[in-house]
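# Commentary on secondary and tertiary structure
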Amino acid sequence: MTTNAAAAADLFAQVPERQSRGLFRDAWRRLMRSWNGRVGLAVILLTLVVGLAAPIVDPYDPTIDSNLAIARQPPSWEHPFGTDRLGRDVMQRIIHGTRISLLIGFVVVFVSGSIGTVLGLISGYSGGFVDWLIMRMMDVLLAFPAILLAIAIVAVRGPGLTNTIIAVAVVGIPGYARVVRSMVLSLRERDYVDAARMIGVSDAAIMFRHILPNSLSPIIVQMSLGVGGAIIFAAALGFLGLGIRPPQPEWGAMIADGLPFLRQAPNLVFFPGMAIMITVLGFNLFGDGLRDALDPQLRD
Amino acid sequence: MHKRNWMLVLVLVVALVLGACAPAAPAPAPAAPPAADSGPVMDGTLIVGRGGDSVWLDSGPATDGESAMVINEIIEPLIRLEGTSARPIPWLAESWETEDSQTWVFKLRQGVTFHDGTPFNAEAVRFNIDRWRNPDNEYRFGRTFEYYNYQFGNAPIEEVNVIDDYTIEIKLAKPSSVFLAKLSLGFSFGMNSPTAIMEQGDAYGTPAGSAVGTGPFKFVEWIPGDRITVERNEDWWGPKPYLSRIIWRVIPDNSARFAELQAGTIHQAYLAQTDLPMAQADPNIEVYVLPSLSTGYIAFQQCTEPFDKLEVRKAIAHAVNWAALIPAFYGEFGQLAGSFQPPAIPGHNPNIKPYEYDPDLARELLAQAGLPDGFETDFWYIPVIRGYFPDSKAIAEAIAADLARVGIRVNLMTEDWGAYLADRNEGKFPMWMLGWGSDNGDPDNYIGYHFMHQPGQPKKEDCYDNPELAELLIQGAIEVDPAERERIYMRAEEIVKEDVARIPVVWASTPTVFRKEVKGYTPVVFRSWYEYIWIDNR
Amino acid sequence: MTQYILRRLISLIPVLIGVSIVVFALIRMIPGDPVTVMLGDRARLEDIERVREELGFNRPIHEQYIEWMGRVVRGDLGISIINRTSVARELRARLAATLELVLFGLLIGVVVGVGIGIVSALRRNSWIDLTATVGALLGVSMPIYWLALIAIYALAVNRQIFPPSSRIDATFMVERTTGFMLIDTLLMGNFAYFRNALWHLILPATVLSTTVMPILARLTRASMLEVLRQDYVRTAEAKGLRPRVVVIRHALKNALLPIVTVIGLQLGGLLGGALLTETIFSWPGMGLWTYRAILSRDYPIVQAVVLVSATIYVLVNLLVDISYAYLDPRIRVQGSR
C-alpha cells in the first residue's frame, strides 16, 4: 500500500525548479488555506495528542485489564464502544492503540524513507552498474507481492513491534528510491551541480548538500502519504495474527479478536476499523494538501 | 489426539463407562434408525460446512478430525463400536475369537467388494495391516502411520496369517484387552483397496488421486481447500443409504459458515463455540450435545527454574480464577475440570476437586519458593481453535491477567501449529497450554498417554518424573481386570494432582449441529452414521 | 518497436531471478522444518531423516536452488510438501479463482471509478463531486479486510442479500474447463449456474474494487477538467457538436494513458487486497492457500506463487510501458527510465 502511495506521488509529482525557505513558507500558507490540509493536520494533531497523552492521563496496563464479569457488553455510557471478550473497554484499548499505530507509521516512514532516499541518491547520481544493480533490486522488491513479503519476514523473525516495523519498512523502500532517483536524474545535469563538480566538491557533498535539498518536496509528500499506508499495512499483519504480541491493544489484532463475534457484537470489529480509517484519512488528507501546496500548478 | 481431531474423538470411540451406565443398552443406532413421523426420504445431498480441509483420505496416515470424518464414510474397519456404548460390533469382520487376548482370529464378511470392484478378503486385510506395521512397506510412500505407532507401540502386531479367503489370524506381541477398541478407529485402521493403492502410488488418498474402500459412500472428487464430494455406494453390503451425496465444504470464516447454515445452503456445520448460543436459539437449527471426552490443560517444563519447584506450580494453580473461564469461554459446553480425566473415562477420580482461586495463597507459595516478587516467563498458547480451548488467545490473556495480579508476568507466545507441537515435544516451552481428546475411551489413551514414562527417564516435553506414577501407568496398560485397572488410574489421578504435574482446566464437550430438516441422526459418540440420515424438505 | 520490446523482455530476467533467489532463501530462513510439520508430532526421527533425504533438504542450498530453477524452466513447479499435490495443477485452479476476482473487481473499479470521475468533473463542486471526493478518500483509508467484514455483516449476515462465502452453491457441479466460474458455467450453457456464480462474485469483487476506484475517479476527474479548459472544446461547442459527448470522448482519450499506468501500478495492491478479501470470503484462490503455505513452510507452493505473481506483475507493467512507448515514441529512444 505504501507502493501505491509511491505510485500516486510518482504520477502527480512534478519537479519544482529550485526551492528555498520562502517557497516552503508559501507552501505552508497554501496548505493551511486548503481544506484537506487543514482537516488532515487537525486529525493528525488529534491522534498525536491522544497517542501521547493517553499513557499520562490514564496509566494503562493491558495485561491486567480484564474482567470476565463484564465481557462483551454492548456500547453504553460507561463503555461507549462496548467491552471485548475479556471485559476490556474497547474505547480505552483503541485510545491506547493509537500510540502503537502512530509509532509504527512514523518509524516505518522514517526507516524506509531514509534507506530509499539514500539508495535513490546513489543510484541516480552514480549511474552505470551501481544504478542498474540498485534499481533491479528495487524492481525485485516491487515485483514480490508486498503482503507475502511482509508475512514471510515476520515468519522468519517472529512477531513483535520491531519485526512488524522491519517488515513494513522493507516493503516501502522501492517507492522512495524510485522517486528520488528520478529527481536526481533531472537535477544531475543542472548548471549548479556542474559548477560544484568543477570546483572540486566531493560526490557525497553534491548529493547531500545540493541534490537532496532540491528533491525534498516529493520525498515529503511521499512520506506523509506513506504514514497512512504503513498504518494500514501493519494493521493487516496484526489482523492476520502476525503483528504485535497480545495483550497489546493493536488495532488490526483487535479486529481479528472481534471477528468471532461479528454477528453478536459488530462493535468489536467496527470501532477499531474506524480508528484505523480516521487516522489514515488524516494522513492522506494532509499528504494530499501538501502535494497541492508544494506544487501549485497541479491544483485545478 | 492433539491434531485437530478432538471433534472426531467424540464421534469415535469412548465410553466404556457410557456402556457401563446403560447395561441394558437399547439396540445400537445402526441396527434401528429412529422412527420418524413421515418416514425416510430417498436421495438428497447433505452439505457439511467445516473450517479446514482434510489432510489425507488414506486410512492409516490420517490423524486429524477433518480427514477422519470423510474417511469414515468411504473406508471401513473390521470392527466398529456401537453408538450408544463402547461395545464392539461386527463390521467388515463378522465374528472373532481369542483365548488369551494375544492371538485373535477374525471371520470376514463375505461378498464385500471395494468401490473399484476388487474383492475384500483376507489378503486385503493382510495388505493393509502390513502397511501399518512395517516401516519398510513399499506402499507407505513416506507417510507416517502415527496412529499405529502410538496405539500399538507397546504391543505391536507380530504376525498376520491368512487362514483362508475369509479367515485371518492376528498375533500381538503382548495380550491386550483393548485391541478391538483400537481396531475400531476407522480413519487409521480401515481397509483401503490394495489394488487402488498399488495403482495410484503416492497419489492415493490425496487430491491428486482418490480413496477406495468398502463403505456406504464412494469418493467422487476432492478440490483442495474447497470441497470433497462422495456419492452413495449402490452396492454397499449394508442397507441402502438414504443420501445420494455428501459434500464437505471448507468455509474458514466462522461467521460465513454460520450464515450459510442459517440460510440453509449447508445442512451441518462445525461451529465456533461463540456461535452456539445463537444456533440454539434458531428454530431451524438443532444442536445435539455429546458427553465430554476432552481436557484442556496447562503444563510446565519441570526441570528448569522456576517450575522445578512444586510451590511455583501450586501458586499458578491457585492464582488463576479457572472457574470464571468456564461461563466466559465455554458456556454450557464446558465443565471446570477437577481430575485430569473427564468423568466418562474409567479411572476418573471424582474425589479430586478443582483448585481453589486464592491469590493470597498463591503469593504465599511464591514467597515460600523464594520468589516473593514473582517472576517472568514465556507462556505459549495454541494457534488453533480446539473445543478444549475455543478461543486460546483470549483464554491465555485472561490467565496472564490473573497471573500478573500475583506478580507472575508471562509473555504470551505462539507459532505455527506444526512448529508448536514440534517445539513442545522438544521441551522448549517453560509453560504451555494444550489439550487432549480420547481416541477410544480408555485411560491408557488418556492419563496414560500424557504421563507414561520409564522411572528416571522423564519425557522431554515436561521433564516430569515420578517413579510411583510411572509404575502405575505401565501396570495399567497390561492389567486385564477392570476393577483393578480403575483403582490404578484413580491413584494415578491423585499423584498428578499432588505433584501439580499439569493443571487440568476444562472438560469440554462437543456439540453436533444440524439443520432441522436433517433427520435420522442419533447423538452418539462414535460417528455420525450418515447412512441413516436423510433430508426432509416436506 | 520489436527491438524495444525484446530489450525490455530481456531486462525482466534479472528481476525474476532476483525474486526467485529472495523467495527461495527467505522461506528457508523461517525457523522450523516442513518435514516435521508434514509428519506430525508423533513422527519417528528416522522417518524425518529419511523424508528430508528424499526431498533433498540435506543438500547444499545452492544445489537445491539450481535444481528447482531447472525444473521451473521446464514448467515443473514441484509437489506440495504437506499434501503431495501437484503445485502447478492446484496453482492453475487457484490462480483462475483469484484472477476472476481481481479482473471483475478491476472492471467494477474502472467502470464506476471513471463514471464517478466524469460526473464529478462535469458537476464540479456540486454535492456529487464533494461526495465522490470524500468517498474516494475514505476508500483509500479503509483496511480492505475490515470493509469486507462490514460488507458481510451488513449484506450477507444481517440481511441475506448476498452469499457470504465461496464461488458457487456447493450442489452445483461445474465442469472446470477454464477455472473461471463465469466462463465455465456459460460453456455449460447453464444460466442458473451463471447467475449463481455472478451472485457470489459481486460482493467480494466490489469490496476489492475499492482499491482502484478512488484513484481512477480522481484521475478521470483531473483529465476531464483539463480537457474542459482546452480551446478545442470551446471550438467544438461553437461548431454545435453536442458538448457532453465531445468532452467525454476527449477526456477519456486523455485519461487513458494514466489509467492504464495506474492499473499496472495497482496490480500489486490488487493482488495483496485479493489475498485479504479471499480470506474473509472463503474464496478458494491463492490468498489463503499461500498464507497457510508460508506458515507451514510448504516451500514449493510459496516459491511458485511468488514467482508467478512476480511474473504477472512485471509482464503487466511491461505491457503498460509498451502501450506508453506506442503512444509516445520518445520513450522508445530513451529506453527504460
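Residues numbered from 1 in each chain as written. Chains lettered and ligands numbered in written order. Predicted model: local features only at pLDDT ≥ 70, side-chain atom pairs only at ≥ 80, totals over all residues. Heavy atoms only, no water.

## Points about helix 9 (residues 191-209) of chain C
All names here are of chain C. Here helix 9 spans 25 Å end to end across 19 residues, near enough to the 27 Å set by a 1.5 Å rise per residue. Where helix 9 bends most, the angle comes to about 35°, and this point is Ile202, followed within four residues by the proline Pro204. Every buried residue of helix 9 is listed here: Tyr193, Phe194, Asn196, Ala197, His200, Leu201, Leu203, Pro204, Ala205, Val207, Leu208 and Ser209. With a side-chain oxygen lying 3.1 Å from the backbone nitrogen of Ala192, the N-terminal cap of helix 9 falls on Asn190. (Helix = DSSP H or I, 4+ residues; strand = E, 2+ residues; numbered from the N terminus. Expected span 1.5 Å × (residues − 1). Bend = angle between axes of the 7 residues up to and from the residue. Buried < 20%, exposed > 50% of the residue type's maximum accessible area, 1.4 Å probe, protein only. Polar contact = N/O pair within 3.5 Å; in protein donor to acceptor, adjacent residues only side chain to side chain.)

## Some remarks on the domain arrangement of chain B
Taken domain by domain, chain B comprises domain 1 (3-250 + 511-535) and domain 2 (294-508). Between the C-alpha centres of domain 1 of chain B and domain 2 of chain B the distance comes to 32 Å. (Domains from an automatic or database assignment.)

## Re the pattern of salt bridges
Here the structure, examined in full by the defined rule, presents 44 salt bridges over all chains. Where Asp84(A) meets Arg88(A), a salt bridge forms, and the shortest distance between an N and an O atom there is 2.9 Å. The residue Lys460(B) makes a salt bridge to Glu426(B) at a minimum N-O spacing of 3.1 Å. One end of the pair, Lys460(B), is in the loop between helix 16 (447-451) and helix 17 (467-478); the other, Glu426(B), is in the loop between helix 15 (417-425) and strand 17 (431-437), with 34 residues separating them in the sequence. You can call Lys460(B) exposed: its relative accessible area is 53%. Taking relative accessible area as the criterion, Glu426(B) reaches 43% and is therefore assigned partly exposed. (Salt bridge = Lys/Arg side-chain N within 4 Å of Asp/Glu carboxyl O.)

## Here's the deal with the state of the cysteines
Residue and element names in this part refer to chain B. This model, assessed by the stated rule, comprises one disulfide over all chains. Cys303 shares a disulfide with Cys463; S-S distance 1.7 Å. On the sign convention where negative is left-handed, the bridge of Cys303 and Cys463, at about -65° about the S-S bond, is left-handed. Residue Cys303 is found in the loop between strand 13 (294-300) and helix 11 (310-319), and its partner Cys463 is found in the loop between helix 16 and helix 17; the two are separated by 160 residues along the sequence. Judged by its relative accessible area of 45%, Cys303 falls in the partly exposed class. Residue Cys463 is classed as buried on the basis of its relative accessible area of 19%. (Disulfide = S-S within 2.5 Å.)

## Notes on the interface of chain A and chain C
Taken together, the 48 residues of chain A in the interface contact 50 residues of chain C. Summed over both sides, the interface between chain A and chain C buries roughly 4500 Å², with carbon and sulfur atoms accounting for 78% of that surface. Taken together, the connections running from chain A to chain C amount to one salt bridge. Here Asp288(A) and Arg218(C) are joined by a salt bridge, their closest N and O atoms 2.9 Å apart. Counting across the chain A and chain C interface gives seven residue pairs in polar contact (both at pLDDT 80 or more). Mapped by element, the contributors of at least two residues to the side of chain A that touches chain C are helix 1 (2-12), helix 5 (128-143), helix 6 (146-157), helix 10 (216-239), helix 11 (251-258) and helix 12 (267-294) of chain A. (Contact = heavy atoms within 4.5 Å. Buried area = accessible area lost by both parts, 1.4 Å probe.)

## Focus: the interface of chain A and chain B
Facing the 18 residues of chain A at the interface are 24 residues of chain B. Both sides together, the interface formed by chain A and chain B hides about 2000 Å², and carbon and sulfur atoms give 55% of it. Of all residues in chain A, the largest losses of buried area upon contact with chain B belong to Arg85(A), Pro246(A) and Arg263(A), amounting jointly to 35% of the total for that side. Here chain A and chain B share seven residue pairs in polar contact (both at pLDDT 80 or more) between them. The residue inventory of the side of chain A that touches chain B, partitioned by class, reads 10 nonpolar, three polar and five charged. (Nonpolar A, V, L, I, M, F, W, Y, C, P; charged D, E, K, R; others polar.)

## Some words on the pairing of strand 19 (residues 511-515) of chain B
Residues and elements named next belong to chain B. Within strand 19, five of the five residues are buried, which leaves it mostly tucked inside the rest of the structure. The alternating pattern of strand 19 places Pro511, Val513 and Arg515 on one face and Thr512 and Phe514 on the opposite face, and all of these are buried. Relative to strand 19, strand 11 (residues 268-269) is paired through two bridges, and the arrangement is antiparallel. In the sheet register, Gln268 faces strand 19, and the bridge partner there is Phe514. (Pairing = 2+ DSSP bridges.)

## A look at the sheet that holds strand 17 of chain B
Residue and element names in this part refer to chain B. Across the sheet, which stays open at both edges, the six strands sit in the order 14-18-13-17-15-16 with mixed pairing between neighbours. Every other strand in the sheet has two partners, leaving strand 14 (334-336) and strand 16 (408-413) as the edge strands with one partner each. Here the strands of the sheet are splayed against their neighbours by 30° on average, with no regard to which way each runs. Of the pairings in the sheet, the one linking strand 13 to strand 18 (residues 502-508) comprises six bridges and is antiparallel in character. Following the sheet pairing, Ile298 is matched in strand 18 by Ile503. Docked against the sheet, helix 11 engages strand 13, strand 15 (375-380), strand 16, strand 17 and strand 18, running at close to 30° with respect to strand 18. (Axes fitted to C-alpha atoms, helices over the stretch in contact; angles between N-to-C directions.)

## Overview of the environment of Phe152(B)
Residues and elements named next belong to chain B. Residue placement: Phe152 occurs in the loop between helix 5 (146-151) and strand 6 (157-164). Note: C-alpha distance between Phe152 and Ser176 (24 residues apart in sequence) is 9.7 Å. Dropping the residues within four chain positions of it, Phe152 is found in contact with Tyr147, Ile157, Phe179, Lys182, Leu183 and Phe189.

## Quick notes on the packing of aromatic side chains
Residues and elements named next belong to chain B. A complete count under the given rule lists 41 aromatic pairs over all chains for this structure. With 5.5 Å between their ring centres and 80° between their planes, Tyr242 and Trp534 make a pair best called edge-to-face. Residue Tyr242 is located in the loop between strand 9 (227-232) and strand 10 (245-250), and its partner Trp534 is located in strand 21 (residues 534-535); the two are separated by 292 residues in the primary sequence. Among the aromatic residues, those joined into a cluster by ring pairs are Trp104, Phe106, Trp132, Tyr148, Phe152, Phe179 and Phe189. Cation over ring: Lys182 sits above Phe152, and NZ or CZ is 5.6 Å from the ring centre. Directly above the aromatic system of Tyr449 lies the positively charged group of Lys459, at a separation of 5.5 Å from the ring centroid. (Phe/Tyr/Trp six-rings, centres within 6.5 Å; stacked < 30°, edge-to-face > 60°. Lys NZ or Arg CZ within 6 Å of the ring centre and 35° of its normal.)

## Details of unusual backbone geometry
Pro246(A) connects to Pro247(A) through a cis peptide bond whose omega is 5°. If you trace the backbone, Pro247(A) turns up in the loop between helix 10 and helix 11. The omega torsion of the bond from Glu305(B) to Pro306(B) falls at -5°, within 30 degrees of zero and hence cis. As for its placement among the helices and strands, Pro306(B) is situated in the loop between strand 13 and helix 11. The backbone phi angle of Cys463(B) is positive, close to 55°, even though this residue is not glycine.

## Notes on the packing of helix 3 (residues 35-57) of chain A against helix 12 of chain A
Residue and element names in this part refer to chain A. Where helix 3 contacts helix 12, the two axes come as close as 7 Å, and the packing angle between them is 140°. The angle between helix 3 and helix 12 falls in the class oblique. Once helix 3 is placed against helix 12, the crossing between them reads as left-handed. For the pair helix 3 and helix 12, contact is made by Trp35, Asn36, Gly37, Val39, Gly40, Leu41, Val43, Ile44 and Thr47 and by Ile278, Thr279, Gly282, Phe283, Leu285, Phe286, Asp288, Gly289 and Asp292, respectively. Across the contact of helix 3 with helix 12, the residue classes tally to nine nonpolar, seven polar and two charged. (Parallel < 35°, antiparallel > 145°, perpendicular 65-115°, else oblique. Left-handed = near helix turned anticlockwise from the far one by under 90°.)

## Topic: the sheet that holds strand 8 (residues 217-223) of chain B
Residues and elements named next belong to chain B. Taken in spatial order, the seven strands line up as 8-9-10-1-11-19-12 in an open sheet, and their pairing is mixed. Only two strands of the sheet have a single neighbouring strand rather than two, namely strand 8 and strand 12 (285-289). As paired elements, strand 8 and strand 9 share six bridges and run antiparallel to each other. Note that in strand 9 the partner of Phe219 across the bridge is Val230. Along the sheet, helix 9 (residues 254-263) makes contact with strand 1 (45-50), strand 10, strand 11, strand 12 and strand 19, crossing strand 19 at roughly 45°.

## Side note on a nonpolar patch on the surface
Residues and elements named next belong to chain C. Taken together, Leu6, Leu9, Ile10, Ile13, Ile17, Ile21 and Leu315 make up a surface patch of nonpolar side chains, about 610 Å² in accessible area. For Ile17, the location among the structural elements is in helix 1 (residues 2-29). For Ile17, a relative accessible area of 37% gives the class partly exposed. (Patch = residues over 30% accessible without salt bridge, like charges linked within 9 Å, V, L, I, M, F, W, Y side chains within 5 Å. Areas by Shrake-Rupley, 256 points an atom, 1.4 Å probe, with all protein chains shown as cover.)

## Details of the side chain of Asp288(A)
Here Asp288(A) is to be found in helix 12. Under the relative-accessibility criterion, Asp288(A) is labelled buried at 6%. Every residue in contact with Asp288(A), bar those within four places of it in the chain, is listed here: Asn36(A), Leu225(A), Leu137(C) and Arg218(C).

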